[in-house]
Amino acid sequence: QVQLVESGGGLVQAGGSLRLSCAASRLTFSRYVMGWVRQAPGKERDVVSAISWSGGRTWYADSVKGRFTISRDNAKNTVYLQMNSLNPEDTALYYCAGVNSPVVRTRADDYDYWGQGTQVTVSS
């Protein structure tokens, strides 16, 4: 069974940074598009960033463009999300998600596998 395990969340002040990691197992990681999806209380899950198999293509939601950077290390079966200039609106549960797809996916419903999530809280 596919496993995705996130880490790196926490409490940070506005303007600060966090780096999320997601370790994947029991899948051919290099064949999976990986995404970071967040869900704030009372809101739907939204993809904030996604990355292609090779890492050559990335996608960002407008709300995080220029502040967040997604990357992956296929040798380590790990995907990362570097988050800079955080603001309180970034507070959410952040999920790592994966889908076997030849193209980058930008809708949460497109993803087949999910981690348990890691909480990010940004104080003002």
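Residues numbered from 1 in each chain as written. Predicted model: local features only at pLDDT ≥ 70, side-chain atom pairs only at ≥ 80, totals over all residues. Heavy atoms only, no water.

Asks: Is there a simple way to explain unusual backbone geometry in this structure?
Replies: The general pattern is negative phi for most residues beyond glycine and trans for most peptide bonds. In this structure, Arg26 is a non-glycine residue whose phi angle is positive, near 65 degrees. Inspection of the secondary structure puts Arg26 in the loop between strand E3 (18-25) and strand E4 (33-39). Phi at Ser85 takes a positive value of approximately 50 degrees, unusual for a residue other than glycine. In this structure, Ser85 sits in the loop between strand E8 (78-83) and strand E9 (92-99). (Helix = DSSP H or I, 4+ residues; strand = E, 2+ residues; numbered from the N terminus.)

Asks: Looking at this structure, I do not really get the nonpolar core. What am I missing?
Replies: A general trend in soluble globular proteins is that nonpolar side chains are found buried together. By size, the foremost hydrophobic cluster in this structure holds 28 residues, and its most contacted members are Met34, Trp36, Val79, Leu81, Met83 and Tyr94. Listing elements by their share of this core, those giving two or more residues are E3, E4, strand E5 (46-51), strand E7 (68-73), E8, E9 and strand E11 (118-123). A total of four residues in this core trace back to one element, the largest contributor, which is E3. Look past the residues within four positions of Tyr94 in its chain and what remains in contact with it is Glu6, Leu20, Val37, Arg38, Phe68, Leu81, Met83, Gly117, Thr118 and Val120. (Core = buried A, V, L, I, M, F, W, Y, C linked by side-chain atoms within 4.5 Å. Buried < 20%, exposed > 50% of the residue type's maximum accessible area, 1.4 Å probe, protein only. Contact = heavy atoms within 4.5 Å.)

Asks: Help me understand the side chain of Arg67 in this model?
Replies: On the secondary structure map, Arg67 appears in the loop between strand E6 (58-60) and E7. Taking relative accessible area as the criterion, Arg67 reaches 16% and is therefore assigned buried.

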